[in-house]
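Coordinates in review
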Amino acid sequence: MSTDTLTQNGSAKGKSAADLFESPDFYQLDDLLTEEHKLIRSSIRDFVKKEISPFIEDWAERAHFPYEIVKKFGDIGAFGPTVSETYGGGGLDYISYGLIMQEIERGDSGMRSTASVQGSLVMYPIYKFGSEEQKKKYLPKLASGEWLGCFGLTEPDHGSNPSGMVTNFKDAGDHYVLNGAKMWISNAPKAEIAVVWAKDESGRIHGLIVERGMEGFSTPETHGKWSLRASTTGELVFDNVKVPKENLLPGKSGLGAPMMCLDSARYGIAWGAIGAAMDCYDSARRYAIERIQFGKPIGSFQLIQKKLAEMLTEITKAQLLNWKLGMMLDAGKASTSQISLAKRNSVATALDIAREARQIHGGMGITGEYPMMRHMMNLESVVTYEGTHDIHLLILGAEITGIPAFK
Amino acid sequence: MNILVCITHVPDTTSKISFTDDNKKFDTNGVQFIIGPYDDYALARAVELKEQNGGKITVLNVGEAETEPTIRKALAIGADEAVRINAFPKDSFFVANQIAKVAKEGNYDLILMGRESIDFNGGQVHGMVGEMLGMPSLSPVMKLDIEGNTAKVAREIEGGKEYLEVTLPFVAGCQEPIAEWKIPNMRGIMGARSKPLNVIEPDNDEVKTTLENFELPPAKGAVKMIDADNVSELVDLLKNEAKVI
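Here's what I pulled together on the structure shown here. A quick note: this is a predicted structure, and the numbers were derived from the prediction, not measured. (Residues numbered from 1 in each chain as written. Chains lettered and ligands numbered in written order. Predicted model: local features only at pLDDT ≥ 70, side-chain atom pairs only at ≥ 80, totals over all residues. Heavy atoms only, no water.)

1. Description of the overall build of chain A
Applicable threshold: By definition, any uninterrupted DSSP run of H or I lasting at least four residues is a helix, any uninterrupted run of E lasting at least two residues is a strand, and each is numbered from the N terminus. We compute the radius of gyration over the C-alpha atoms and compare it with the globule rule, which gives 2.2 Å times the number of residues raised to the power 0.38. Only protein chains enter the accessibility calculation, which uses a 1.4 Å probe; a residue whose area is less than 20% of its type maximum is buried, one above 50% is exposed, and one in between is partly exposed. Contacts are assigned to residue pairs that have any heavy atoms within 4.5 Å of one another.
Within chain A, the secondary structure is distributed over 12 helices and nine strands. By the compact-globule yardstick of 22 Å for 407 residues, chain A fits well, its C-alpha radius of gyration being 22 Å. Along the first, second and third principal axes, the C-alpha set of chain A runs to 80 × 45 × 40 Å. The burial tally for chain A puts 57% of its 407 residues in the buried class. Considering only residue pairs separated by 6 or more positions, chain A has 75% of its internal contacts joining residues 24 or more positions apart.

Following this line, the structure appears as structure tokens:
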């Protein structure tokens, strides 16, 4: 069957059609949200429908990072929503942050990556561990989208084992000298600053703010990704980079510091991935009702109903899990392993739903007329970055048994 | 510049419409409410005019307590303060009376609202408010620019556009493309928390209409395709089945 025939037969949302997304709320979980939360969600949803949905398939197809979205994210307030208003942040709670991530990733995981790296991995460490001067210098420009930032932890030879990192800095009197390389760094090619984790001469991990233009610092782009194609990824290369001493984050050192950043980002992913799952479910639900085979909508067949029912069940469970985790974070009571459980659950759920939703769409599901293949490919990164699916399992295993399997 | 923007609290355009109480009451169960889309254009233009000329925007809604999230959204978009007249908007005359009362006390340069609401679609309130205040009322306004004490206005008329100049103050019922809808940003939403929302009781209970009952339009029938050559069958169906000729 040709693509043309498929297009004629399939009733399509399609690239050019309006984005009609509605989120499921089967357990009336909106009752758990404030009116302000709901306004935040609807505003970000409107933003995504206006600024992302109409263009995302084209950006992803062309592997184009739309740099202009950075300023737009800044204007709407998607960068650092939990950072205090004193430094240009939103001063919002973690439920709000989760809803923002859910709605952006409903549009695209790559777009959400751009926002969550900026908020959780760049602004958060400066906000939590930075000096007053650093906060004043960097946070307002990052919040407004004037500057894009990136976060360097992973190295070519150290992914799941970040404590083995070899990137290091030496004290050279009035400055530090930084050497090493970081890999798989979202936002790197366009970033104005990088929060880089490196070892001092005693082997202790510290955060350093490296600025574009520092001699010996380069950010080569990573090409050929089949995932997160609308977001830009690269390496950070440090060849005897002179970093001023005032660029060291003074507030916290050791691996715990970057791990705190990852906790915040992983929480955003737990909400975000369910956003992608909701988009796939919403598309499948509409398609199942509109698509006619054997003289009736395919939604009338039991196997299609089973798929949809299971999707809704898993989305509903994850929504409640995410909401409770957000409440614990707001109360300062969420643990790393609780965040691991939610991140792992959401991304696995989203991948399953993307695949099932793709099947409901039949042949149409493989085209860019519908979002499932893009989400599915994006989610292969999301299931890997910020702690792989297996590493989160082992974090839970260590929590249960008291015996870490990864040390 | 002192601007009053009147907004309605109406069902989302995609809502399923049904009735309760023997078809005497709109069933709000599961219905999302929004700022009336035409009112939203008026608000967006007011925010732009304030950016250009300075001043203050007051947003007004005639409605019961459940309309406050809609009013907060207007504050998040850029209104400075809000007034809620604590009453169900019984009919156009009742609503116009409430608006006129606030407008008389507020000394506004501009009173903006949508060309019509999207629940009852009466399109009467702006005209009534103008009459009650003794000032011009224009609708539907597609373009609105202010120069000193004068406004340049484009109004949609049958088959064309009418360009007018009008001296402030006046009332305008707005429609697209007067401005683009504004999406509130996170800072605006946070800021809306602390903006004043004053609740006042209705002034005058008089209404000009009473509601008998609601009725849904008949369901759309299936489309019958008739061969282009078979005009006589088409005529027969229109005459004897559809009974329209």
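2. So, the nonpolar core
Note the threshold: To define a nonpolar core, start from buried Ala, Val, Leu, Ile, Met, Phe, Trp, Tyr and Cys residues and group those joined through side-chain atoms within 4.5 Å.
Ranked by size, the top nonpolar core spans 104 residues in total, and within it Phe73(A), Met111(A), Ile126(A), Trp197(A), Leu144(B) and Phe170(B) carry the most contacts. Broken down by element, this core gets its largest block of residues, nine residues, from helix H6 (residues 109–129) of chain A. In contact with Leu144(B), other than residues within four places in its own chain, are Arg45(B), Leu49(B), Leu110(B), Leu112(B), Ala151(B), Lys152(B), Val153(B), Phe170(B) and Ile178(B). Listed in part, the 35 residues of the second largest apolar core include Ala273(A), Ile298(A), Met372(A) and Val383(A).

3. With respect to the pattern of salt bridges
Defined as follows: Criterion for a salt bridge: a side-chain nitrogen of Lys or Arg within 4 Å of a carboxyl oxygen of Asp or Glu.
Per the stated rule, a full pass over the model turns up 39 salt bridges over all chains. Here Glu36(A) makes a salt bridge to Arg193(B), at a shortest N to O gap of 2.6 Å. Placement of Glu36(A) in helix H2 (residues 35–51) and of Arg193(B) in the loop between helix H5 (186–192) and strand E13 (197–200) is noted, with the two residues assigned to different chains. The partly exposed category is assigned to Arg193(B), whose relative accessible area is 49%. Here Asp108(A) makes a salt bridge to Arg374(A), at a shortest N to O gap of 2.7 Å. Within this pair, whereas Asp108(A) is found in the loop between helix H5 (94–107) and H6, its partner Arg374(A) is found in helix H11 (residues 372–382), the two being separated by 266 residues in sequence. Neither residue differs from the other here; Asp108(A) and Arg374(A) are each classed as buried.

4. Concerning unusual backbone geometry
Residue and element names in this part refer to chain B. Residue Leu 168 is joined to Pro 169 through a cis peptide bond whose omega torsion reads -5 degrees. In this fold, Pro 169 is placed in the loop between strand E11 (160–167) and strand E12 (170–174). Residue Pro 177 follows Glu 176 across a cis peptide bond; omega there is 0 degrees. Mapped onto the secondary structure, Pro 177 falls in the loop between E12 and H5. Here the phi dihedral of Asn 121 falls at roughly 50 degrees; this positive angle occurs in a residue that is not glycine.

5. Section: the environment of Ile69(A)
All names here are of chain A. With respect to the helices, strands and loops of the structure, Ile 69 is situated in helix H4 (residues 68–76). The sequence separation of Ile 69 and Ala 277 amounts to 208 residues, and the corresponding C-alpha distance is 23 Å. Look past the residues within four positions of Ile 69 in its chain and what remains in contact with it is Phe 47, Glu 51, Ile 52 and Met 111.

6. Description of the pairing of strand E3 (residues 175–186) of chain A
One face of the sheet, then the other: side chains in a regular strand alternate in exactly this way. Residue and element names in this part refer to chain A. Rules: Here a strand pair is declared whenever DSSP counts at least two bridges between the two strands.
The pairing of strand E2 (residues 168–171) with E3 spans four bridges and is antiparallel. Bridging from a neighbouring strand, Lys 170 pairs with Val 177 of E3. Two successive antiparallel strands, E2 and E3, enclose a turn made up of three residues, where Gly 173 displays a positive phi of approximately 90 degrees. The sheet contact formed by E3 and strand E7 (residues 233–244) spans nine bridges and is antiparallel. Note on E7: the bridge partner recorded for Ser 186 is Thr 233.

7. Remarks on the environment of Met111(A)
Residues and elements named next belong to chain A. Within the secondary structure, Met 111 sits in helix H6. Along the backbone, Met 111 and Arg 229 are 118 residues apart, and their C-alpha atoms lie at a distance of 9.6 Å. Residues in contact with Met 111, not counting those within four places in the same chain, are Ile 52, Ile 56, Trp 59, Phe 65, Pro 66, Ile 69, Phe 73, Ile 104 and Ala 230.

8. Considerations on helix H2 (residues 68–77) of chain B
Residues and elements named next belong to chain B. Within H2, seven of the 10 residues are buried, which leaves the element mostly enclosed by the surrounding structure. Among all positions in H2, only Thr 70, Ile 71, Lys 73, Ala 74, Leu 75, Ala 76 and Ile 77 are buried. Remark: Gly 78 follows H2 within two positions and exhibits a positive phi of approximately 150 degrees.

9. Some details on the interface of chain B and chain A
Put simply, the rule reads: Summed over both partners, the accessible area lost on bringing two parts together, with a 1.4 Å probe, is the buried area. Pairs of N or O atoms are called polar contacts if they sit within 3.5 Å, as long as, within protein, a hydrogen donor faces a hydrogen acceptor (for residues adjacent in sequence, only side-chain-to-side-chain pairs).
The partner chain A presents 19 residues to the 13 residues of chain B that form the contact. The largest contributions to the chain B side of the interface with chain A come from Ile183(B), Met186(B) and Arg187(B), which together make up 45% of the buried area. One can count two salt bridges joining chain B with chain A. Residues Glu180(B) and Lys50(A) are paired through a salt bridge, measuring 3.2 Å at the closest nitrogen-oxygen approach. The interface formed by chain B and chain A holds seven residue pairs in polar contact (both at pLDDT 80 or more) in total. Contributions of two or more residues to the side of chain B that touches chain A are made by H2 and H5 of chain B.

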